[in-house]
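Per-entry structural report
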Amino acid sequence: MDHPDSKQSYKSGYVAVIGRPNVGKSTFINQVLQQKLSIVSHKPQTTRHQILAIHSTAAAQMVFIDTPGIHNQKGTALNKHLNQTAQSSSHGVDVVLFLVEALKWTDEDRRAAKVMQQSSAKKILVINKIDKVKHKEQLMPFVERLVGEHHFDQIHYISALKNKHLEPLLKVIYDYLPVGEPIFDEDQISDRSTRFFITELIREQLMERFHQELPYSVTVNIEAYEIKGRMHHIHANIWVERNNQKRIIIGTQGDAIKQIGIKARQAIEQFIEAKVNLKLWVKVKSSWTDDIKAIEALGYTDEFKD
Ligand SMILES: Nc1nc2c(ncn2[C@@H]2O[C@H](COP(=O)(O)OP(=O)(O)OP(=O)(O)O)[C@@H](O)[C@H]2O)c(=O)[nH]1
Ligand SMILES: [Mg+2]
């Protein structure tokens, strides 16, 4: 996005993207950055870490915060941690984008709206997935209800997937940002390491293939990373909670894990632009989602700090 007055008024700031699971938060951010920074799937609770996505243009630096979807599931330490992560990200930001799915309003949206309402930032209601709405006149009563219940500074209708109507939204975000220098180096696109993205690309393959069979708590960590010549040798562990989940991932005669390995390797090669030798191990750690120490060990407390 270029603005004629960009030299006098370079702007920078933080934009939290909040909403229940599966509304398209990560899809939106990837589309703005034109880069797959955040993994996407049709299974709710795909995003499990707070990720900064840094969008630098000639006029502004918008630091988007992708957050785990705010959900109603109680119980495990991981679930609580995910909600806390999403909640804390709405504080200390300049703009909050509250994403909803067109014509869908659930208890989880309501819960997410409560979080959004606590923020003192500018609030933009973003109705996503409008490509799915056949009868656009249905949007009016839907939106009227939302704005009757909550305060918003702006309303936008977009399709993140089809890249529709993102420009006007970006323009408004720009308007709301304070004048300021870039916060991050303009070449930097995220606060996360390459290792982090590698584990996410492996997890994405697992989510895509086993979205029915596996709980969202499957996690991945890197055991070893060695560069020999031009080849990156990566050993990664896939953590599950039960033996039967391990059997599912491995598949008959190792068929499933082999396929996942191939696809993940290709995605990683594309991401790091180098040849990769990927080895995957499936390991069982019972009830790690209930174990705060295990969550720490797997990097869940390594969140962005102000
Ligand atoms: N039709 C349509 N589908 C979309 C759109 N945006 C996202 N999706 C789909 O919705 C699903 C969820 O998208 P995500 O971007 O993973 O959603 P999220 O809000 O990040 O979800 P969590 O990380 O689980 O909180 C994926 O299957 C996307 O392809 C859209 O504009 N139109
Ligand atoms: Mg997401």
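Structure: above.
Here goes a summary of the coordinates provided. Predicted, not measured: the structure shown is a model, and the values here were computed from it.

Some details on the site of ligand 1
- For ligand 1, the set of nearby residues contains 22 residues, the closest of which are Thr-27, Gln-45, Thr-46, Thr-47 and Asp-131.
- With respect to ligand 1, the side chain of Asp-131 contributes an N or O atom lying 2.7 Å from a nitrogen atom.
- Among the elements that make up the shell around ligand 1, the one with the highest residue count is helix H1 (residues 25-33) (three residues).
- Split by residue class, the shell around ligand 1 holds six nonpolar, 12 polar and four charged.

A short note on the pairing of strand E6 (residues 154-157)
- Summarising the sheet, strand E5 (residues 122-128) and E6 pair through four bridges and their orientation is parallel. Residue pairing in the sheet places Leu-125 in a bridge with Ile-155 of E6.
- Taking the sense of rotation as the criterion, the β-α-β connection linking E5, helix H4 (residues 139-149) and E6 turns out right-handed.

Re the coordination of the magnesium ion (ligand 2)
- Binding of the magnesium ion (ligand 2) to the protein goes through Ser-26 (OG) and Thr-47 (OG1), at separations of 1.9 to 2.2 Å. Placement of the pair is Ser-26 in helix H1 and Thr-47 in the loop between H1 and strand E2 (51-56), with a sequence separation of 21 residues. The same class applies to Ser-26 as to Thr-47, namely buried.

Brief notes about the sheet that holds strand E8 (residues 231-240)
- The strand order across the open sheet formed by three strands is E7-E8-E9, and the pairing between neighbours is mixed. Looking at which strands have only one partner, the edges of the open sheet turn out to be strand E7 (219-228) and strand E9 (275-284). The mean angle between the axes of side-by-side strands here comes to 15°, regardless of whether they run parallel or antiparallel.
- Note that E7 and E8 share nine bridges and pair antiparallel. Residue pairing for E8: Tyr-225 is matched across the bridge by Ile-234.
- Each of E7, E8 and E9 is contacted by helix H6 (residues 194-210), which is oriented at about 125° to E7, the strand it contacts most.
- Each of E7, E8 and E9 touches helix H8 (residues 255-272); the most contacted strand, E9, lies at about 135° to it.

Focus: helix H5 (residues 166-176)
- Of all the residues in H5, the buried ones are Leu-166, Leu-169, Leu-170, Val-172, Ile-173 and Tyr-174.
- In this structure, the buried side of H5 is in contact with strand E1 (11-18), H1, strand E3 (60-66), strand E4 (95-101), E5 and E6.

Comments concerning the sheet that holds E3
- Read from one edge of the open sheet, six strands run E2-E3-E1-E4-E5-E6, paired in mixed fashion. Edge positions in the open sheet fall to E2 and E6, since each of these has one partner strand only. The mean angle between the axes of side-by-side strands here comes to 25°, regardless of whether they run parallel or antiparallel.
- Sheet contacts for helix H3 (residues 107-117): E1, E4 and E5; angle to E4, the most-contacted strand, approximately 170°.

Some points on the side chain of Ser-41
- Mapping Ser-41 onto the fold places it in the loop between H1 and E2.
- Beyond its immediate sequence surroundings of up to four residues, Ser-41 is in contact with Asn-22, Thr-46 and Met-207.

Considering the packing of H6 against H8
- The contact between H6 and H8 brings their axes to 9 Å, and the two run at 140°. Accordingly, the angle class assigned to the pair H6 and H8 is oblique. As H6 packs across H8, the resulting crossing turns out to be right-handed. Contacts between H6 and H8 involve Thr-194, Phe-197, Ile-198, Leu-201, Ile-202, Gln-205, Leu-206, Arg-209 and Phe-210 from the former and Ala-256, Gln-259, Ile-260, Lys-263, Ala-264, Ala-267, Ile-268, Phe-271 and Ile-272 from the latter.

Observations concerning the pattern of salt bridges
- Scanning the model with the defined rule gives 11 salt bridges in all.
- Two residues, Arg-20 and Asp-109, come together in a salt bridge whose shortest N-O distance is 2.9 Å. Highlighted residues: Arg-20 in the loop between E1 and H1 and Asp-109 in helix H3, separated in sequence by 89 residues. Per residue, the accessibility class of Arg-20 equals that of Asp-109, and both read buried.
- Residues Asp-107 and Arg-110 are paired through a salt bridge, measuring 3.0 Å at the closest nitrogen-oxygen approach. Taken as a pair, Asp-107 and Arg-110 lie in helix H3 at a separation of three residues, close to a single helical turn.
- Salt bridges linked by common partners bring Arg-20, Glu-101, Asp-109, Lys-129 and Lys-132 together as one network.

Calculation notes
- Residues numbered from 1 in each chain as written.
- Chains lettered and ligands numbered in written order.
- Predicted model: local features only at pLDDT ≥ 70, side-chain atom pairs only at ≥ 80, totals over all residues.
- Heavy atoms only, no water.
- Near = heavy atom within 4 Å.
- Polar contact = N/O pair within 3.5 Å; in protein donor to acceptor, adjacent residues only side chain to side chain.
- Helix = DSSP H or I, 4+ residues; strand = E, 2+ residues; numbered from the N terminus.
- Nonpolar A, V, L, I, M, F, W, Y, C, P; charged D, E, K, R; others polar.
- Pairing = 2+ DSSP bridges.
- Right-handed = clockwise from strand over helix to strand, strands pointing away.
- Donors = N, O, S within 2.8 Å, 3.2 Å for Na, K, Ca; no water.
- Buried < 20%, exposed > 50% of the residue type's maximum accessible area, 1.4 Å probe, protein only.
- Axes fitted to C-alpha atoms, helices over the stretch in contact; angles between N-to-C directions.
- Contact = heavy atoms within 4.5 Å.
- Parallel < 35°, antiparallel > 145°, perpendicular 65-115°, else oblique.
- Left-handed = near helix turned anticlockwise from the far one by under 90°.
- Salt bridge = Lys/Arg side-chain N within 4 Å of Asp/Glu carboxyl O.

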